[in-house]
Amino acid sequence: MQFLRRVWRQTSQCQALEHSSGRYETLFFESIYRVTYVAGFAILDDSTPYLIYSSFIKTMIVLLLICETWHLLSDTTNLDVLIDNITVTMINFTTLYRYINMRQNKFIYKKLVSAMESPYFDISTESRKRIFNFWVQRNERFLILLLVLAGCTLGIWCVYPLVDDIEYNLMVSARFPFEYQTPVRYPILYMSVYMAFSYSSTFVLLNDLIMQAHLMHLLCQYNILCNCFESIISDCLGENECEHSETILTKKFKEKYLKKLNNLVNQHKFILDNSMDFKKSLSKPMLAQLTASGFLICFLGYQASVNADPSNAKFFMSLLYILYALFELFIFCKWCDEIKIQSENIANSVYCSGWEKGITAMPGVRARLLLVAIRARRPVIFTAGSLFELSLASYTTLVKTSYSAVTVLRRFQ
């Protein structure tokens, strides 16, 4: 196991890790950077061999997408095949749009990943270190969950054409400018499509992993900031001092408190600015993702209900795919909902900061605390195209709507 880990670390060493802004960025995004590099979508690596490798992978994905679209526009006779083609083509085009948007806003993402290197970011206490480690570990756990679920879905998707009743079948519905239904051409084309489809699926997965990591990175900063406000007095007093009013009103304490409060106000404004930039860059891509996910859940639910036979590989393929689509949308809505709650909790943390112990008698303290509380009264709400709030309530509504659409399709059947 150690040997495999060592090989993985050596083969996936990339410039994104070498140009990391610091230890915090590396802890949160190391796994993402390594997977992105191996998949051929690293942005910073510009060596000639890697550019050739990356261009080859992107060319395969584009050609496969063209063949899928060609088949979608030319063959609409079979409803089951049509649904297969629509789901794959839709998710690929949606992912491509999200990736282009990410490239266009790469300066925003670079600012986001380096946000923890802010001079106002403080994890000097044990409690805040535990909070930081909690989010790092949670990020890794959900990353592994997505990888496992996507791997199982991809595995059965690629095996299904070999065990179904259709001769010379492929894992995707695509049209090619030549006949491949021969014993010689079929294995070659199958392996070629398998490679292109695997990288295309990895491309979809990477976009989901990147977004999840950024959302949890932002959540961690809000959570730590809440703790900073709640423990601001104890941080200024030190471990060996007590919170008597005489101690609090000393000149030394006042200087520490004002400096600490200024840092926290600046950190709050910094996180809010990053959140607004991230929210703006995600608005349109998430509207496309929400629309695509609704259709995916509807069509895949229909396929799973039609092929509801445990001995049918098509049933497991549809089931795993719908589980991935549901889980992917769930984590997006969950983390966006958590950011809304955590950004609003800043006001509660300010209220619990000990202001009633005579702190507000110091010049400027009352105004700063009120400013932070007023800002926090308007929580950060991520939306899809400024039309739908990304929250667990919206997720539930979308799933219910998709289920209703499945029943309609069943009646048409």
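Everything numeric in this text was worked out from a predicted model, so none of it was measured.

What counts as what
- Residues numbered from 1 in each chain as written.
- Predicted model: local features only at pLDDT ≥ 70, side-chain atom pairs only at ≥ 80, totals over all residues.
- Heavy atoms only, no water.
- Core = buried A, V, L, I, M, F, W, Y, C linked by side-chain atoms within 4.5 Å.
- Buried < 20%, exposed > 50% of the residue type's maximum accessible area, 1.4 Å probe, protein only.
- Helix = DSSP H or I, 4+ residues; strand = E, 2+ residues; numbered from the N terminus.
- Phe/Tyr/Trp six-rings, centres within 6.5 Å; stacked < 30°, edge-to-face > 60°.
- Axes fitted to C-alpha atoms, helices over the stretch in contact; angles between N-to-C directions.
- Parallel < 35°, antiparallel > 145°, perpendicular 65-115°, else oblique.
- Left-handed = near helix turned anticlockwise from the far one by under 90°.
- Contact = heavy atoms within 4.5 Å.
- Nonpolar A, V, L, I, M, F, W, Y, C, P; charged D, E, K, R; others polar.
- UniProt positions renumbered as here; feature names shortened; annotations may be inferred.
- pLDDT = per-residue confidence, 0-100.
- Patch = residues over 30% accessible without salt bridge, like charges linked within 9 Å, V, L, I, M, F, W, Y side chains within 5 Å.
- Areas by Shrake-Rupley, 256 points an atom, 1.4 Å probe, with all protein chains shown as cover.
- Salt bridge = Lys/Arg side-chain N within 4 Å of Asp/Glu carboxyl O.

Another aspect to go through is the nonpolar core. Membership of the largest hydrophobic core comes to 113 residues, with the highest contact counts inside it found for Phe132, Val172, Tyr257, Ile346 and Phe382. Element by element, the count of residues in this core is highest for helix α8 (residues 185-230), at 23 residues.

Once that is clear, we can look at the packing of aromatic side chains. The final tally for this structure, using the stated rule, is 21 aromatic pairs. With a centroid separation of 6.3 Å and an interplanar angle of 45°, the aromatic rings of phenylalanine 28 and phenylalanine 29 are classed as tilted. Phenylalanine 28 sits in the buried class, given a relative accessible area of 0%. Taken together, a centroid distance of 5.2 Å and an interplanar angle of 75° make the contact between phenylalanine 134 and tryptophan 135 edge-to-face. Among the aromatic residues, those joined into a ring-pair cluster are Tyr24, Phe28, Phe29, Tyr33, Phe121 and Phe132.

Interaxial distance between helix α3 (residues 23-39) and α8 falls to 10 Å at its minimum, and their mutual angle equals 165°. Relative to α8, α3 is oriented roughly antiparallel. Between α3 and α8 the crossing geometry is left-handed. Across the interface between the two elements, Phe28, Phe29, Ile32, Val35, Thr36 and Ala39 from α3 touch Tyr199, Thr202, Leu206, Leu209, Ile210, Ala213, His214, Met216, His217 and Cys220 from α8. In terms of residue class, the contact of α3 with α8 is made up of twelve nonpolar, four polar and no charged.

All right, on to the packing of α3 against helix α4 (residues 48-74) then. Contact geometry for α3 and α4: axes closest at 9 Å, N-to-C directions at 75°. Taken together, α3 and α4 sit at an angle that is classed as roughly perpendicular. Listed contacts from α4 to Thr36, Tyr37, Val38 and Ala39 of α3 are Tyr50, Tyr53 and Ile57. Broken down by class, the residue content of the contact of α3 with α4 amounts to six nonpolar, one polar and no charged.

The next thing to look at is the UniProt feature "transmembrane region" (unreviewed entry) in the protein. Within the UniProt annotation, "transmembrane region" (unreviewed entry) is assigned to residues 50-73, 79-100, 142-163, 188-206, 286-303 and 315-333. Strand forms 0% of residues 188-206 and helix 100%; the C-alpha atoms that close the span are 27 Å apart.

Looking at the element boundaries, lysine 314 is found in helix α12 (residues 313-351). A relative accessible area of 2% places lysine 314 in the buried class. C-alpha of lysine 314 to C-alpha of asparagine 274: the two residues are 40 residues apart in sequence and 44 Å apart in space.

We now examine the confidence of the model for the protein. Detailed conclusions should not be drawn from predicted coordinates in areas where pLDDT is low. Of all residues in the protein, 93% attain a pLDDT of 70 or more, and the chain-wide mean is 84. For the protein, per-element mean pLDDT is lowest for helix α10 (residues 245-248), which scores 58, and highest for α8, which scores 89.

Another aspect to go through is a nonpolar patch on the surface. A cluster of nonpolar residues, Phe56, Met191, Tyr194 and Met195, forms a patch on the protein surface that exposes about 390 Å² of accessible area. With three residues, the top contributor of residues to the nonpolar patch is α8. In this structure, tyrosine 194 sits in helix α8.

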